[in-house]
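# Fold and contact review
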Amino acid sequence: QVQLVESGGGLVQAGGSLRLSCAASGRTFSTFSAYAMAWFRQAPGKEREFVASIKWSGSMAYYANSVKGRFTISRDNAKNTVYLQMNSLNPEDRAVYYCAADKGFGADWGGGEYWGQGTQVTVSS
């Protein structure tokens, strides 16, 4: 069984920062470095949307236009963990944030083979 567990969400004032973490575990997840990782988010009443993704090696990343320049995705393959550093948060960033793992990256992303349960981010104005 594979588990992705997000943490680091919470309440922050507009202009503030949060760092989300997603730790992967499970017997079949011994090759974390073989998976591209991504963050998605879902705001109330809206569909889930892509936020950022990172290649297996960490050498390449993609961002949604809405977060480019404010969010940074990174990974530590030794810790089986992916991070999302979020700066200059605004109320529009309020959502449940999910991490996902997939063998494909970029145009080859397969929709997410594994998903976490999500962590809530709330930004007050």
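So, a few notes on the structure that sits alongside this text. Computed from a prediction, not measured in an experiment: that's the story for all the values here. In this numbering scheme, every chain counts its residues from 1 along its sequence in written order. Residue-level local features of this predicted model are given only where pLDDT is at least 70; pairs of side-chain atoms are given and counted only at 80 or more, and the full residue set underlies all totals for whole chains, interfaces and linings. Only hydrogens and water are set aside; all other atoms, that is, all heavy atoms of the structure, feed into the side-chain values.

Attention shifts here to the overall build of the chain. Put simply, DSSP marks the helices as runs of H or I at least four residues long and the strands as runs of E at least two long, and each gets a number from the N terminus on. The helix and strand inventory of the chain stands at 0 helices and 11 strands. Restricting the calculation to C-alpha atoms gives the radius of gyration, and the globule rule supplies 2.2 Å times the number of residues raised to the power 0.38. Its C-alpha atoms give the chain a radius of gyration of 14 Å, within 12% of the compact-globule value 14 Å for 125 residues. Counting only C-alpha atoms, the chain reaches 40 × 25 × 25 Å along its principal axes. The buried label applies to any residue whose accessible area, calculated with a 1.4 Å probe on protein chains only, is under 20% of its type's maximum; exposed applies above 50%, and partly exposed to all values in between. Taking all 125 residues of the chain together, the buried fraction comes to 42%. Contacts are assigned to residue pairs that have any heavy atoms within 4.5 Å of one another. Within the chain, contacts between residues at least 6 apart in sequence are counted, and of these 58% link residues at least 24 apart. Considering the chain, the positive charge centre built from 12 side chains and the negative charge centre built from 9 side chains are found 4 Å apart. Positive charges come from Lys and Arg, negative ones from Asp and Glu, while His and the chain ends are left out of the count. The location of each charge is read from NZ of Lys, CZ of Arg, CG of Asp or CD of Glu.

Take the nonpolar core next. Residues M37, W39, L84, M86 and Y97 are the most contacted members of the largest nonpolar core, which totals 30 residues. Contacts of Y97, omitting those with residues within four sequence positions, involve E6, L20, W39, F40, R41, V51, F71, L84, M86, G118, T119 and V121. By nonpolar core we mean a set of buried residues, namely Ala, Val, Leu, Ile, Met, Phe, Trp, Tyr and Cys, connected to one another through side-chain atoms within 4.5 Å.

What follows concerns the packing of aromatic side chains. What counts as a ring pair is set by centres within 6.5 Å for rings of Phe, Tyr and Trp (its six-membered ring), and what kind of pair is set by the plane angle: stacked under 30 degrees, edge-to-face over 60, tilted for all other angles. As enumerated under the stated definition, the model contains 6 aromatic pairs in all. Consider the rings of F40 and F50, whose centres lie 5.8 Å apart with planes at 75°: the pair is edge-to-face. You can see F40 sitting in strand 4 (residues 36-42) and its partner F50 sitting in strand 5 (residues 49-54), a full 10 residues away along the chain. The class of F50 is partly exposed, set by a relative accessible area of 30%. Ring centres of F40 and W115 lie 5.0 Å apart, and the angle between their planes is 50°; this geometry places the pair in the tilted category.

Pairing is antiparallel in the open sheet, where 4 strands are placed in the order 1-3-8-7. Here the strands that pair on one side only, and so sit at the sheet edges, are strand 1 (3-7) and strand 7 (71-76). Neighbour-to-neighbour, the strand axes of this sheet turn through a mean angle of 15°, independent of strand direction. Two strands pair if DSSP finds at least two bridges between them. For helices, the fitted line uses only the C-alpha atoms of the stretch in contact; every axis is such a line through C-alpha atoms, and the angle between N-to-C directions lies from 0 to 180 degrees.

Shape is all these values report; function is a separate question.
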